[in-house]
Amino acid sequence: MKKQLLAYGSGKHTRPLLRYLAEMTGKEHPNICFVPTASGDDPGYIDRFYEVCKTLPVVPHVLNVWISSYSQQETYAEIIQKMDAIVVGGGNTLNMLAIWKAQGIDVLLQAAYDNGVVMAGGSAGSLCWFNRGTTDSRPKELSIVHGMGFIDKSHCPHYNSEASRRPLYHNNILNGHLSDGYACDDGAAIHFIDGAVHKALALDVSQRAYYVSAANNTITEELLPATVLQN
């Protein structure tokens, strides 16, 4: 069973990336579940997901965590086990991971990934799949957060859009606080199969993805040649 993951730099829902995600499943009308935990189940974010999905051959679902036993009669396991793909939204990575752990969602996602359910997401929704990365989830300054390690490398989203991200990522790799890893501009994505890079993708030619490593106290950015997705 292939383990597939699509990580991208921004948490914004876009038709090209969701279409590519649907194609990754190999299904004609895949069940795709949006998990907006990091944004506090933001209604506008959820609405945007449904709007984009209307233009695609998919069956959209949402896994909410701000629920009660009276209104939510499906368990998280029952929801996740029906899905062909899971897409995680942006927001507060640290809070999201804490809620997932408290609810057992992290274990369910690991089992689903191991069983061939495609995982995806941007911003917090990409950072969560890697071993570590930097997050704005805490007050005052960006700090390191531990992800779930589906991809055993570090990660940096928003590589081109937030001025502090790139130099901080470089410094953390150089000082050993982060392993080597993958960085994505907001409009770039990386498709992994069984933990290895299968393909880099971009919404336009200006958006890039990189493999970032250090040797002899020097950072190297290896540009991953990208396929530009059509709208």
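For the structure itself, look to the data block above.
All residue numbers refer to positions counted from 1 along the written sequence of the respective chain. Given that this is a predicted model, residues contribute local features only at a pLDDT of at least 70 and side-chain atom pairs are listed and counted only at 80 or more, while totals for whole chains, interfaces and linings are drawn from all residues. Heavy atoms from the whole structure form the basis of all side-chain values; hydrogens and water molecules are not counted.

1. Structural notes on the sheet that holds strand 2 (residues 31–35)
Taking strand neighbours across the sheet as the criterion, the 8 strands line up as 3-2-4-5-1-10-11-14 in an open arrangement whose pairing is mixed. Looking at the sheet topology across the chains shown, the edges are occupied by strand 3 (59–62) and strand 14 (226–228). On average, each strand axis in the sheet is tilted by 20° relative to the strand beside it, whichever way the strands run. What makes two strands pair is DSSP finding at least two bridges between them. Comment: elements are numbered from the N terminus, with helices defined as DSSP H or I runs of at least four residues and strands as E runs of at least two. Bridge analysis of strand 4 (residues 85–88) against strand 5 (residues 118–122) gives 4 bridges, and the strand direction is parallel. In the sheet register, Val87 faces strand 5, and the bridge partner there is Ala120. Here, axes are lines fitted to C-alpha atoms. For helices the fit covers the stretch in contact, and angles between N-to-C directions go from 0 to 180 degrees.

2. Thoughts on helix 2 (residues 43–53)
Partly exposed describes any residue whose relative accessible area lies between the buried limit of under 20% and the exposed limit of over 50%, with all areas from a 1.4 Å probe on protein chains only and scaled to the type maximum. When we look at burial in helix 2, the residues that qualify are Tyr45, Ile46, Phe49, Val52 and Cys53. Along the axis of helix 2, the buried residues cluster in a sector spanning 125°; they form a single face. For this analysis, residues touch if any pair of their heavy atoms sits within 4.5 Å. Of the surrounding elements, those touching the buried residues of helix 2 are helix 1 (15–25), strand 2, strand 3 and strand 4. For this quantity, the arc is that covered by the directions from the helix axis to the C-beta atoms.

Keep in mind these values describe shape, not function.
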